Amino acid sequence: MTRLGLDHHGDLPAPIPDPRAVTVGQVHLGLGAFHRAHQAVYTADAMVRSGENHWGIAAFTQRSGRAARRLAPQGGVYTVVEKGPDAQPARLIGSVREALDGSGDADVIARLCDPAVRVVTLTVTEKGYRHDPVTRQLALDSPDIAADLAGRAPHTVPAILATALARRSALGNAPLTVISCDNLPENGRLLHRLVAQYADAAGLTLDDAHRFPSTVVDRIVPATTDADIAALERAHGAHDAAPVLCEPFRQWVIENDFAGPVPAWSAAGASYVDDATPWELMKLRVLNASHSILAYVGLRSGHRRISDAVADPTLEQICRRFIDEDVAPVVDAPTGVTVSEYGDQVLRRFANRALPHTTLQVAADGSQKIGPRLLDTVRDGATGGRRAHWAVLGIAAWALHVVDPIDADGTPTVLDDPRAGDLVACVAGLATPQAVRRLLSDTRFVGDLADDTDFVDTAVAYATALHRGGIAALASEVSL
Ligand code: CS2
């Protein structure tokens, strides 16, 4: 079968704009499926709408070079396949003009210093920020940051950006707009702080002209499987080794704080706002938080996919009550929408059965996710004198997953978390209830909530019920 490429697209229409006519104007860090289904699509559309073909992307993988190795032989071209109601036909995207292995020798600093590059976007996931998720400060004592500070070619994102931005200014090149597209509160401001902390530690000077707008990105993108690749090949007659599957919905809210020109993303449907915080908080506290609850409780109930978990009436009720009773009282929705309406839309999106999004995928990296998704809602509730029980339930289910990680078949699995070493050491040798208690009494993982005995006791009771009697016992423990 012919490999997909600039000259071979099977029966799919050629990508527009023609990739051969596109030059590089942005760098992306984190060439995963999400980038390919989101920013790269907006950029392709922006180039079509504006006729500006100088916004092609030089995209670097982070931890492994796999996506780069798959995309490079295809001239960067890949297929986007929407799944579910209102799905558009499969389409080829050609905005990624260079697919580079950032874990290897590719010179990311040089690319970021290119005067033609004006924008850098990032999807490096929460752990790529190298911060302590509890204090939200740069983890200066982490071995990778320490190694970067000791003078090797920078590997970590804060080091790469601090080095490149300082060098760019020294070269007299125009400032960069640095756009974080990860699920973290005030992601732009957080990234700016981490880069500045690295720069301070490394003795680098950062120019204020570089800008770090905060953003909200949204599109559900399951990991692509070999079966998806084979099905696409059969359907369209070309072998694409790097396609992406996604839901039809997409959203991008970006703060209007640019250092210079950016692609015409607003013409492609992105919204520019003065302050992204209301959108960001609503998305993290409703969508991402419900996702995590469905993942951790869903795994204990044998649900492989998010769409199966949300179809379980008990789980659906837990999510609805979490949104209405825990989140709505503490989160101010952006004008024109309520938290409950947004929640309805989110649960409908989760119910998309055509989207093979797995509970195990969402369960990964929990130590990085539970803070902004669940712990903050518990804290905000406590400030107002309320216990956010449903959020506590989600945290309890996460803790149980740390203590006893299983897949949807109930088979023990390896804890997929950048802090797995610390987490496993914290609970080693303890029976489940004691292990959950130890974990949730440790400020390294839950911050100040470790000292809230009612929080810890309630979470231990929920986790114990879930462990002993599954979702039925949990439902009776929370009086559902
Ligand atoms: C998910 C997100 O994996 C996860 O933790 O909650 O990746 C989610 O699918 C996206 O944020 C949707 O925009």
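See the structure above.
Residues numbered from 1 in each chain as written. Predicted model: local features only at pLDDT ≥ 70, side-chain atom pairs only at ≥ 80, totals over all residues. Heavy atoms only, no water.

Time to look at the site of the ligand. The environment of the ligand is formed by Asn 183, Val 217, Asp 218, Arg 219, Lys 283, Asn 288, His 291, His 357, Val 362, Lys 369 and Arg 373. Between an oxygen atom of the ligand and a side-chain N or O atom of Asp 218, the distance comes to 2.6 Å. Contact between the ligand and Lys 283: an oxygen atom at 2.7 Å from a side-chain N or O atom of the residue. Burial of the ligand by the protein chains amounts to 88% of its free accessible area of 340 Å². Within the residue set of the shell around the ligand, elements represented by two or more residues are β8 (215-218), α9 (277-300) and α14 (366-383). Among the elements that make up the shell around the ligand, the one with the highest residue count is α9 (3 residues). Counted by class, the shell around the ligand contains 2 nonpolar, 4 polar and 5 charged residues. In terms of domain composition, the shell around the ligand takes at least three residues from each of domain 1 (19-273) and domain 2 (277-477). (Near = heavy atom within 4 Å. Polar contact = N/O pair within 3.5 Å; in protein donor to acceptor, adjacent residues only side chain to side chain. Areas by Shrake-Rupley, 256 points an atom, 1.4 Å probe, with all protein chains shown as cover. Helix = DSSP H or I, 4+ residues; strand = E, 2+ residues; numbered from the N terminus. Nonpolar A, V, L, I, M, F, W, Y, C, P; charged D, E, K, R; others polar. Domains from an automatic or database assignment.)

Bringing the pairing of strand β3 (residues 78-82) into the picture now. Among the 5 residues in β3, 5 count as buried, and that is most of the element. Across the two faces of β3 the burial is the same, with Tyr 78, Val 80 and Glu 82 and Thr 79 and Val 81 all buried. Summarising the sheet, β3 and strand β4 (residues 91-93) pair through 3 bridges and their orientation is antiparallel. Along β4, the bridge assignment pairs Val 80 with Arg 91. In terms of strand pairing, β3 meets strand β9 (residues 244-246) through 3 bridges, oriented parallel. Paired with Val 80 across the strands is Val 244, a residue of β9. (Buried < 20%, exposed > 50% of the residue type's maximum accessible area, 1.4 Å probe, protein only. Pairing = 2+ DSSP bridges.)

Now for the sheet that holds β8. Across the sheet, which stays open at both edges, the 3 strands sit in the order β8-β10-β11 with mixed pairing between neighbours. Two strands in the sheet have a free side with no partner beyond their single neighbour: β8 and β11 (271-273). Across the sheet, the mean angle separating the axes of adjacent strands is 20° when strand polarity is ignored. Note that β8 and strand β10 (residues 251-255) share 4 bridges and pair antiparallel. Note on β10: the bridge partner recorded for Val 216 is Val 253. (Axes fitted to C-alpha atoms, helices over the stretch in contact; angles between N-to-C directions.)

Okay, empty space enclosed by the protein next. In this structure the tally under the stated criterion is 3 cavities of 30 Å³ or more. The space that makes up the largest cavity amounts to roughly 60 Å³. Together, Asp 182, Asn 183, Leu 184, Asn 187, Thr 215, Val 216, Val 217, Glu 280, Lys 283, Leu 284 and Asn 288 line the largest cavity. Sorting the residues of the lining of the largest cavity by element identifies β8 and α9 as the ones contributing at least two each. The element best represented in the lining of the largest cavity is α9, accounting for 4 residues. Tallied by class, the residues present in the lining of the largest cavity amount to 4 nonpolar, 4 polar and 3 charged. Each of two domains, domain 1 (19-273) and domain 2 (277-477), supplies a minimum of three residues to the lining of the largest cavity. (1 Å grid on protein atoms, 1.4 Å probe; cavity = no way out; pocket = protein on both sides within 12 Å on 5 of 7 lines; lining within 4 Å. Points joined across faces, edges and corners; volume = space filled by probe spheres on them.)

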